[in-house]
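Observations on the three-dimensional arrangement
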Amino acid sequence: MNVFPIGEYIRQGRLDQKLTQEKLCEGICEAPTLSRLENGTQTPSRNRVIALLQRLGLPDDRFYALLTPNEMEIAVLQKEISAASVWYSSQEGEKKRQAREEGLAKLKKLEKITEREDKITQQYILCMRVIFGTPEGNYPPEEQLPMLMEAIRMTVPKFDPEEINSRLYSIDETRVIDRIASAYSRSGDHDKAADIYNQLLKYVDKHYQQITLSAGYIPLITNNYAITLGHCKRYEKAIEIAERGWEACVKRVEYRFLPSLIHTMAECYYYLGDLEKSKKLYYNAYYVYKAIGEKHNCDILERETKEHFDIEFEN
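Structure report, in brief. (Residues numbered from 1 in each chain as written. Predicted model: local features only at pLDDT ≥ 70, side-chain atom pairs only at ≥ 80, totals over all residues. Heavy atoms only, no water.)

1. A closer look at the pattern of salt bridges
- Taken as a whole and assessed by the stated rule, the structure comprises 15 salt bridges.
- A salt bridge links glutamate 26 to arginine 167; the shortest N-O distance between them is 3.0 Å. One end of the pair, glutamate 26, is in the loop between helix 2 (21–25) and helix 3 (31–38); the other, arginine 167, is in the loop between helix 8 (141–155) and helix 9 (171–186), and 141 residues separate them in sequence. Side by side, glutamate 26 and arginine 167 carry an identical accessibility label, which is buried.
- Here lysine 279 and glutamate 276 are joined by a salt bridge, their closest N and O atoms 4.0 Å apart. Note that lysine 279 and glutamate 276 are positioned in helix 14 (residues 275–291) at a spacing of 3 residues, about one turn of the helix.
- Of the residues examined, lysine 279 reaches a relative accessible area of 25% and is grouped as partly exposed.
- Given a relative accessible area of 58%, glutamate 276 falls into the exposed group. (Salt bridge = Lys/Arg side-chain N within 4 Å of Asp/Glu carboxyl O. Helix = DSSP H or I, 4+ residues; strand = E, 2+ residues; numbered from the N terminus. Buried < 20%, exposed > 50% of the residue type's maximum accessible area, 1.4 Å probe, protein only.)

2. Some points on the environment of arginine 116
- By the element assignment, arginine 116 lies in the loop between helix 6 (93–113) and helix 7 (119–132).
- On the basis of relative accessibility, which here comes to 74%, the residue arginine 116 falls in the exposed class.
- Distance in space between the C-alpha atoms of arginine 116 and tryptophan 246 is 41 Å, their sequence separation being 130 residues.

3. Quick look at helix 11 (residues 217–231)
- The first and last C-alpha atoms of helix 11 sit 22 Å apart over 15 residues, in line with the 21 Å expected at 1.5 Å per residue.
- Within helix 11, 13 of the 15 residues are buried, which leaves the element mostly enclosed by the surrounding structure.
- Remark: lysine 233 follows helix 11 within two positions and exhibits a positive phi of approximately 65°. (Expected span 1.5 Å × (residues − 1).)

If you want it as structure tokens, here you go:
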């Protein structure tokens, strides 16, 4: 196995793509800091190295770093908070309230140990606050959007939703952009959201082919994009994007978004008038939701199929 100093690896990747230091490190660190990292005179932080590698579209799982106790605690907390956010999104009622409390408590702990200069972790904290909301409930869409814009501009100061592909992003930065699109959609501006998802999908296709952490990212974007296209009544395009997401789920063994993608296709075929195909997909989506215990989505499908076809699922 060939072993290279991480700074040299980043420098060569930057030069191969004809990028200036200022272009690569914008919002992450100053150009002199990147210069010292590249020539090996400064030890980089873990999250900064990962962000630089991801912006370059390089594998982010092949370097070794010694973590300080603080960096290790931050990494562990982030994994716990991300897992809690997934659990929170699938719950209802009292369980959702408990999941919110747990997530907010962990966020408070993370905030206490995060330095003010650590923009990457500060960005993560703000985004998770948008997801969990407050102890009283979720932020309304009109409050979420400015919070998410503030978050992305922590590390991408010149971010413009009209010109997404003019800059470089890490995986976490593209997740913020995904949430920005979602906030536009929830506020009713589905066309704006669809445009952002279209740009984001093109960016991921171009830059993230080698990044291990992006394995589940195509299903996420295609799911949200297809749903938004359905809101725009662009049903054929929504089916095309959902089919791509379905293929990615199977290829990457990443099934979290599969039932939602199938559900979106079922709705779109219904509105296009292909009732037999729609009915078949509704059945598929329902039983996948049922198998993974998502009762809320099962209830939604039961109401839709009763309304559309006057049929009921067998339990």
